[in-house]
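Residues per chain are reported as follows:
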Amino acid sequence: MLLTLVVTGAGAALGARLPPLIRRYSTAPPPARSVTAGVTAVAFGLLAASLGADPVLPALLGIAAVGVVLAFVDLACLRLPDPLVLTMLGVAVGGLTGAAFLTGTGTGLVRAAGAGAACLAGYVVLALLPGSRLGFGDVKLGGVLGLPLGWLGWDTVLSGVVLPYLLGGPVALALLLTGRIARDTPLPFGPALLTGALLAVALTA
């Protein structure tokens, strides 16, 4: 339900600025909707099991809902649309601010801001390296994901930065070795970023 609200709400507000995949979501065939619902349920379950009644849980659930949409868009279109990344940023900032209010301390919020800035700067450097396949959509998404990871601690940030490469690297190598892709074939990195962040929370929270 939350995923449907995110997608249909974004589509109604932004219309043609979003990829066709999002605009067609409300009329997608049952198998496609079942897959997205299943992925969302797994993500929500991992977060709930890892965080319990932590005040930051609602923020992470909202981020996960937008993240599932972003992952499917990137897989289908090799794009991470700014409107959806900005939606995730708004959810992250609002949710983490609310969690800081509930906990009565701003320490986590300050750490989240520092981690987000550090992740953004780090991914910018990586994107500018010669031969880098990291797009600036990935850079912006990585910076946003740094916020909730930073709230949970620097160990979580480190895991969230390393895990996407541990996940995406073997997949790319397997596709290359089996002839499914060439060396210059563009690949989506958003799903690896999002999955790595989710696993980092599950492993370190």
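Note that the structure is predicted; figures quoted are calculated from it, not measured. (Residues numbered from 1 in each chain as written. Predicted model: local features only at pLDDT ≥ 70, side-chain atom pairs only at ≥ 80, totals over all residues. Heavy atoms only, no water.)

(A) Summary view of the side chain of Asp138. Within the secondary structure, Asp138 is located in helix α7 (residues 136-152). Excluding anything up to four places from it in sequence, Asp138 contacts Asp74, Leu80, Arg133, Phe189, Gly190 and Leu193. (Helix = DSSP H or I, 4+ residues; strand = E, 2+ residues; numbered from the N terminus. Contact = heavy atoms within 4.5 Å.)

(B) Broad picture of the nonpolar core. Residues Val56, Leu70, Met88, Leu141 and Leu145 are the most contacted members of the largest nonpolar core, which totals 45 residues. If you list the elements that add at least two residues to this core, you get α3 (30-51), α4 (57-77), α5 (82-103), α6 (107-128), α7, α8 (154-177) and α9 (190-204). Apart from the residues lying within four places of it in its own chain, the contact partners of Leu70 are Leu80, Pro81, Leu84, Val85, Met88, Leu141 and Leu194. (Core = buried A, V, L, I, M, F, W, Y, C linked by side-chain atoms within 4.5 Å. Buried < 20%, exposed > 50% of the residue type's maximum accessible area, 1.4 Å probe, protein only.)

(C) Region of the structure containing the packing of α5 against α7. At a minimum axis separation of 10 Å, α5 and α7 run at an interaxial angle of 15°. Here α5 is positioned roughly parallel relative to α7, judged by the angle of their axes. Handedness of the crossing formed by α5 with α7: left-handed. Only Lys140, Leu141, Val144, Leu145, Leu147, Pro148 and Trp151 of α7 make contact with α5, whose side of the interface consists of Asp82, Val85, Met88, Leu89, Ala92, Val93, Leu96, Ala99, Ala100 and Thr103. (Axes fitted to C-alpha atoms, helices over the stretch in contact; angles between N-to-C directions. Parallel < 35°, antiparallel > 145°, perpendicular 65-115°, else oblique. Left-handed = near helix turned anticlockwise from the far one by under 90°.)

(D) Broad picture of α7. With 17 residues, α7 extends 25 Å between its outermost C-alpha atoms, agreeing within 8% with the 24 Å of an ideal straight helix rising 1.5 Å per residue. In α7, a bend of some 25° at Gly146 exceeds every other bend along the element, and Pro148, a proline, comes one to four places later. (Expected span 1.5 Å × (residues − 1). Bend = angle between axes of the 7 residues up to and from the residue.)

(E) Region of the structure containing a nonpolar patch on the surface. On the surface, a cluster of nonpolar side chains totalling about 340 Å² of accessible area is made up of Val125, Leu126, Leu129 and Tyr165. Looking at the element boundaries, Leu129 is found in the loop between α6 and α7. Owing to a relative accessible area of 45%, Leu129 belongs among the partly exposed residues under this scheme. (Patch = residues over 30% accessible without salt bridge, like charges linked within 9 Å, V, L, I, M, F, W, Y side chains within 5 Å. Areas by Shrake-Rupley, 256 points an atom, 1.4 Å probe, with all protein chains shown as cover. Salt bridge = Lys/Arg side-chain N within 4 Å of Asp/Glu carboxyl O.)

(F) Examining the pattern of salt bridges more closely. Tallied over the entire structure, the rule returns one salt bridge. Ionic pairing is found between Lys140 and Asp82, a salt bridge with its closest N-O pair at 2.6 Å. Residue Lys140 is found in helix α7, and its partner Asp82 is found in helix α5; the two are separated by 58 residues along the sequence. In this structure Asp82 comes out as partly exposed when scored by relative accessible area, which is 38%.

(G) Local environment of the UniProt feature "transmembrane region" (unreviewed entry) in the chain. According to UniProt, the "transmembrane region" (unreviewed entry) feature falls on residues 56-77, 84-103, 109-129 and 187-204. Between the C-alpha atoms that bound residues 84-103 there is a distance of 28 Å. The span itself is 100% helix and 0% strand. (UniProt positions renumbered as here; feature names shortened; annotations may be inferred.)

(H) Quick look at the environment of Gly190. With respect to the helices and strands, Gly190 occurs in helix α9. Look at Gly190 and you get buried, because its relative accessible area is 0%. Expressed as a C-alpha distance, the spacing of Gly190 and Leu80, which sit 110 residues apart in the sequence, is 7.3 Å. Excluding residues that lie within four positions of it along the chain, Gly190 makes contacts with Asp74, Leu80, Asp138 and Leu141.

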